[in-house]
Amino acid sequence: MSAVSDRLPTFPWDKLAPYKATAAAHPDGIVDLSVGTPVDPVPELIQKALIAAADSPGYPTVWGTSELRDAITGWVERRLGARDVTHRHVLPIVGSKELVAWLPTQLGLGPGDKVAYPRLAYPTYEVGARLARAEYEVYDDPTDLDPADLKLLWLNSPSNPTGRVLSKAELTRIVAWAREHGVLVFSDECYIELGWEADPVSVLHPEVNGGSYEGIVSVHSLSKRSNLAGYRAAFLAGDPAVLAPLLEIRKHGGMMTSAPTQAAVVAALGDDDHVREQRERYASRRTALREALVGHGFRIEHSEASLYLWATRDESCWDTVAHLADRGILVAPGDFYGPAGATFVRVALTATDERVRAAVERLA
């Protein structure tokens, strides 16, 4: 076991424990804006679908029910502008973090192979490379990378943690470069329905990929859009030549989404109203927190999409974390996402309206 665990960095969130204790000691309680876990109710129609499928004594399939695959293909065409998507183009997964962590291993990558991801990024991209014993590299512009031995290129738009959105022109240029050099692109698009000052575009859009899914796969999650983080519900869409062997590998590994969860996802992907309602909640919280942070002396960079504000006071992120913890507010230090975040904090919008109001009052 130690041979595997020794490949991994210290779990970042453990470092936040003393600051969480400080924030929790506030007389009016903690306002936790750190992890970004949903706090609003699971929409009723999704709960009803889950309950209706509760009597599921048999094993589910890794590929999911035909109804689930229909729901996924319909959603990527309706919401992302994808065209000619069939069941061969989609694959359910057990939450997106599982996929990110184990994808390099499932792709057969190892020593001598390179995985690249943004300079400021979700730390699990690095973890996935480490688990596979592959090399890893960060980038500002992926087309500046040396494509030799580069086997997997992660894109993340909208970005976690910065909220930055890659334009359609940028995505088109990157996809063309990757295809020219035979580099597989996985685009993490889990926040794509949460654009505020930008309209995020998927690599599945024909104006980005030229009408072909060759060499590209997008990753999508229902955790944030539908408050389903507890359900572990996500999926892939893209190149069948990539998804078919992944399906076979995942069959051997028993990586199955539970049958009740599959039914819940069908309901979630078929309804846009609950997504609009949740967006409105987040938009209101975002406006309140942004104004309060700016009034408190913060500068907000990027943050045009996703569930976070990327904020700085031009000091050590840990000094900022301590400053806010003393006011009962817990945020994520920017260096969790790479050394380039050393003077930033990530402020999540995932707190109740009451807790957001408390944070705003404490920052006033």
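Structural data are supplied above this passage.
Right, let's walk through the structure included here.

**A look at the sheet that holds strand 10 (residues 308-312)**
Line of reasoning, step 1. Taking strand neighbours across the sheet as the criterion, the four strands line up as 9-10-13-12 in an open arrangement whose pairing is antiparallel. Across the chains shown, the open sheet's two edge strands, defined by having one partner strand only, are strand 9 (299-301) and strand 12 (332-333).
Line of reasoning, step 2. Bridge count for strand 9 against strand 10 is three bridges, and the pairing is antiparallel. Its bridge partner lying in strand 10, Glu301 is registered against Trp310.
Line of reasoning, step 3. Together, strand 9, strand 10 and strand 13 (344-348) form the strand contacts of helix 11 (residues 273-295), whose direction differs from that of strand 10 by roughly 5 degrees.

**Considering helix 7 (residues 168-180)**
Line of reasoning, step 1. Over its 13 residues, helix 7 extends 18 Å from the first C-alpha to the last, a length consistent with the 18 Å expected when each residue adds 1.5 Å.
Line of reasoning, step 2. The elements touched by buried residues of helix 7 are strand 5 (150-156), strand 6 (184-188), helix 8 (206-209) and strand 7 (216-221).

**Re the environment of Pro158**
Line of reasoning, step 1. One can find Pro158 in the loop between strand 5 and helix 7.
Line of reasoning, step 2. Judged by its relative accessible area of 0%, Pro158 falls in the buried class.
Line of reasoning, step 3. Sequence-wise, Pro158 and Lys20 are 138 residues apart; in three dimensions their C-alpha atoms are separated by 27 Å.
Line of reasoning, step 4. Filtering out sequence-adjacent residues up to four positions away, Pro158 remains in contact with Arg164, Val165, Tyr191, Ile192, Pro200, Ala305 and Ser306.

**Digging into the packing of aromatic side chains**
Line of reasoning, step 1. Counted by the stated rule, this structure contains 13 aromatic pairs.
Line of reasoning, step 2. Pairing Trp310 with Phe344 gives two aromatic rings, centres 5.0 Å apart and planes at 5 degrees, and the pair type is stacked. Note that Trp310 is positioned in strand 10 and Phe344 in strand 13, a separation of 34 residues in sequence. As far as burial versus exposure is concerned, Trp310 and Phe344 are alike and both buried.
Line of reasoning, step 3. Seen in terms of ring centroids, Trp318 and Phe336 are 5.9 Å apart; in terms of plane orientation they differ by 65 degrees. Their pairing is edge-to-face.

**Re the sheet that holds strand 7**
Line of reasoning, step 1. Strand order in this open sheet of seven strands is 2-8-7-6-5-3-4, and the pairing throughout is mixed. Two strands close off the open sheet at either side, each with one partner strand: strand 2 (90-93) and strand 4 (135-139). Taken over all neighbouring pairs, the strand axes of this sheet differ in orientation by 20 degrees on average, direction set aside.
Line of reasoning, step 2. The sheet contact formed by strand 3 (residues 114-118) and strand 4 spans five bridges and is parallel. Note that in strand 4 the partner of Lys114 across the bridge is Glu135.

**Description of empty space enclosed by the protein**
Line of reasoning, step 1. If you walk through the whole model with that rule in mind, you get three cavities of 30 Å³ or more.
Line of reasoning, step 2. Its volume calculated, the largest cavity comes out at about 80 Å³.
Line of reasoning, step 3. Around the largest cavity, the lining is made up of 13 residues, and of these Trp75, Cys190, Glu193, Ser221 and Arg225 lie nearest the centre.
Line of reasoning, step 4. Here the residues of the lining of the largest cavity are counted per class, giving eight nonpolar, two polar and three charged.

**Concerning the pairing of strand 13**
Line of reasoning, step 1. For strand 13, the tally of buried residues reaches five of five residues, placing the bulk of the element in the interior.
Line of reasoning, step 2. Residues of strand 13 alternate between two faces, with Phe344, Arg346 and Ala348 on one and Val345 and Val347 on the opposite face, all of them buried.
Line of reasoning, step 3. One ladder, built from two bridges, connects strand 12 with strand 13; its direction is antiparallel. In the strand pairing of strand 13, Ala332 is matched with Arg346.

**As for unusual backbone geometry**
Line of reasoning, step 1. In this chain, Ser157 is followed by Pro158 through a cis amide linkage whose omega measures -5 degrees.
Line of reasoning, step 2. Positive phi, close to 65 degrees, is recorded for Asp149, a residue that is not glycine.
Line of reasoning, step 3. Examined against the element boundaries, Asp149 turns out to sit in the loop between strand 4 and strand 5.
Line of reasoning, step 4. The class of Asp149 is partly exposed, set by a relative accessible area of 47%.
Line of reasoning, step 5. In this model, Asp314 sits at a positive phi of 60 degrees, which is unusual for a non-glycine residue.
Line of reasoning, step 6. Summarising the element assignment, Asp314 is placed in the loop between strand 10 and helix 12 (317-325).

**With respect to the side chain of Asp113**
Line of reasoning, step 1. Within the secondary structure, Asp113 is located in the loop between helix 5 (96-106) and strand 3.
Line of reasoning, step 2. Separated by 2.9 Å, the side chain of Asp113 and the backbone nitrogen of Gly110 make a polar contact.
Line of reasoning, step 3. Apart from the residues within four sequence positions on either side, Asp113 is in contact with Gly108, Ala134, Glu135, Asp149 and Lys151.

What counts as what
Residues numbered from 1 in each chain as written. Predicted model: local features only at pLDDT ≥ 70, side-chain atom pairs only at ≥ 80, totals over all residues. Heavy atoms only, no water. Pairing = 2+ DSSP bridges. Helix = DSSP H or I, 4+ residues; strand = E, 2+ residues; numbered from the N terminus. Contact = heavy atoms within 4.5 Å. Axes fitted to C-alpha atoms, helices over the stretch in contact; angles between N-to-C directions. Expected span 1.5 Å × (residues − 1). Buried < 20%, exposed > 50% of the residue type's maximum accessible area, 1.4 Å probe, protein only. Phe/Tyr/Trp six-rings, centres within 6.5 Å; stacked < 30°, edge-to-face > 60°. 1 Å grid on protein atoms, 1.4 Å probe; cavity = no way out; pocket = protein on both sides within 12 Å on 5 of 7 lines; lining within 4 Å. Points joined across faces, edges and corners; volume = space filled by probe spheres on them. Nonpolar A, V, L, I, M, F, W, Y, C, P; charged D, E, K, R; others polar. Polar contact = N/O pair within 3.5 Å; in protein donor to acceptor, adjacent residues only side chain to side chain.

What is shown is where atoms sit, not what they do.
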